[in-house]
Structure formats: C-alpha cells, structure tokens
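# Breakdown of the fold
Here is how the chains run, residue by residue.
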Amino acid sequence: DIPSANPDKLDFCIANLCEFIISTGSGPDALGMFFRKPIYFINAPTVGFHQSRTIQMWLLKKVFSTCKNHNSLRPLNFDEAKKYLFDEQLLRDSILRGEIAVKSRSDDEILEAVEMCLKHFRGELVEPLEFVKY
C-alpha cells in the first residue's frame, strides 16, 4: 500500500521498507539515517561518518596518476582519488595539467560494487552491519 500519488510519502515508504540505501549524498541518505538503515555512498563525501560501520563509500570513477612521460597510468587508491573527485576545481586543473586521468567504471564494475555492498550488508564478507547509532 505505497501511496504513489504523493512522491514524498513514496520516498518515506521505500526508505522504510528497504534493507539498505545506496545514495549519492543527494537526500535519500537522510531517509536512511531516519529509518536507521545502512548506507552506501557513491561519489559523495561521508563527512562526519567516516568511522561508522553502517556507512560505507565507493566511487563511480577511477582516477589514475599519469607518469611524467604519460606512457603509463597508476590507479589511485580510494584515499588518493577522493581528494580529486570531491573538489571539481582540483580535478579539472589536474586533468588539464596532465597529472591525472579519470575513467568511468563499466556497467559490470558498477554491478559488482552493488553486489559487494549487498554481500557486505548481509554479513557474507564481514560481520553484519549494525544499525546507525547516534
């Protein structure tokens, strides 16, 4: 009985009924916190939540460091890449200077990441996630 005539109520119903939330930090994550659901952020900073076991994060884009001769690329790890992806000015300037290259993940890589989130949530990879604690 989801009241589809009212989109705001629909958002609340979906958030309440879901097992966990995948969000870009554009609003649904707040509903996940409201209903105490585990949250997986995509391309969004987890400011204030980096120590939480219930809030995880991954990036839709891969960032590579270019060597001086531009013949090889070294993939950056999460901590190295996020400073570029969360700062559009730094990202643009670094690409223009030839210091980094950015590639989008393939559909298969995105599906694999979502499946890993689901396995992580279910406790198949680690201990099951607890609810958000305030």
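Before going into details, it helps to say that this report is about the structure given with it.

How each quantity is defined
- Residues numbered from 1 in each chain as written.
- Predicted model: local features only at pLDDT ≥ 70, side-chain atom pairs only at ≥ 80, totals over all residues.
- Heavy atoms only, no water.
- Axes fitted to C-alpha atoms, helices over the stretch in contact; angles between N-to-C directions.
- Helix = DSSP H or I, 4+ residues; strand = E, 2+ residues; numbered from the N terminus.
- Parallel < 35°, antiparallel > 145°, perpendicular 65-115°, else oblique.
- Contact = heavy atoms within 4.5 Å.
- Salt bridge = Lys/Arg side-chain N within 4 Å of Asp/Glu carboxyl O.
- Buried < 20%, exposed > 50% of the residue type's maximum accessible area, 1.4 Å probe, protein only.
- Patch = residues over 30% accessible without salt bridge, like charges linked within 9 Å, V, L, I, M, F, W, Y side chains within 5 Å.
- Areas by Shrake-Rupley, 256 points an atom, 1.4 Å probe, with all protein chains shown as cover.
- Lys, Arg positive; Asp, Glu negative; His and termini not counted.
- Charge placed at Lys NZ, Arg CZ, Asp CG, Glu CD.
- Expected span 1.5 Å × (residues − 1).
- Arc of directions from axis to C-beta.
- Pairing = 2+ DSSP bridges.

### Observations regarding the packing of helix α3 (residues 78-85) against helix α4 (residues 88-96)
At their nearest, the axes of α3 and α4 sit 6 Å apart, and the two run at 100° to each other. Taken together, α3 and α4 sit at an angle that is classed as roughly perpendicular. Where α3 abuts α4, its residues Lys83, Tyr84 and Leu85 lie against Glu88, Leu90, Leu91 and Ser94.

### Some words on the pattern of salt bridges
Per the stated rule, a full pass over the model turns up five salt bridges. Residues Lys82 and Asp79 are paired through a salt bridge, measuring 3.6 Å at the closest nitrogen-oxygen approach. With Lys82 and Asp79 both in helix α3, this residue pair falls three residues apart, about one helical turn. Residues Glu99 and Arg97 are paired through a salt bridge, measuring 2.8 Å at the closest nitrogen-oxygen approach. On the basis of relative accessibility, which here comes to 34%, the residue Glu99 falls in the partly exposed class.

### Considering a negative patch on the surface
A cluster of acidic side chains, namely Asp107, Asp108, Glu112 and Glu115, defines a negative patch on the protein surface. Here Asp108 is to be found in helix α5 (residues 107-122). Its relative accessible area of 61% is what places Asp108 among the exposed residues.

### Points about α5
Between its first and last C-alpha, α5 extends 23 Å over 16 residues, near the 22 Å set by a 1.5 Å rise per residue. When α5 is considered as a whole, its buried residues turn out to be Ala113, Cys117, His120 and Phe121. Projected down its long axis, α5 shows its buried positions confined to an angular sector of 100°, all on one face. Structural note: α5 exposes Asp107 and Asp108 on the side pointing more than 90 degrees away from its buried face. Downstream of α5 by a residue or two, Gly123 has a phi angle that is positive, lying close to 85°.

### Digging into the sheet that holds strand β5 (residues 73-75)
Taken together, three strands build an open sheet; the order of strands is β5-β4-β6 and the sheet is antiparallel. Single-partner strands in this sheet number two, and they are β5 and β6 (100-104). Between one strand axis and the next, the sheet turns through 35° on average, direction left out of account. The sheet contact formed by strand β4 (residues 61-66) and β6 spans five bridges and is antiparallel. Across the sheet, the residue bridging to Phe64 is Ala101, located in β6. Contacting β4, β5 and β6, α3 runs over the sheet at an angle of about 100° to β4.

### Looking at the side chain of Ser94
Looking at the secondary structure, you find Ser94 in helix α4. Residue Ser94 is classed as buried on the basis of its relative accessible area, which comes to 1%.

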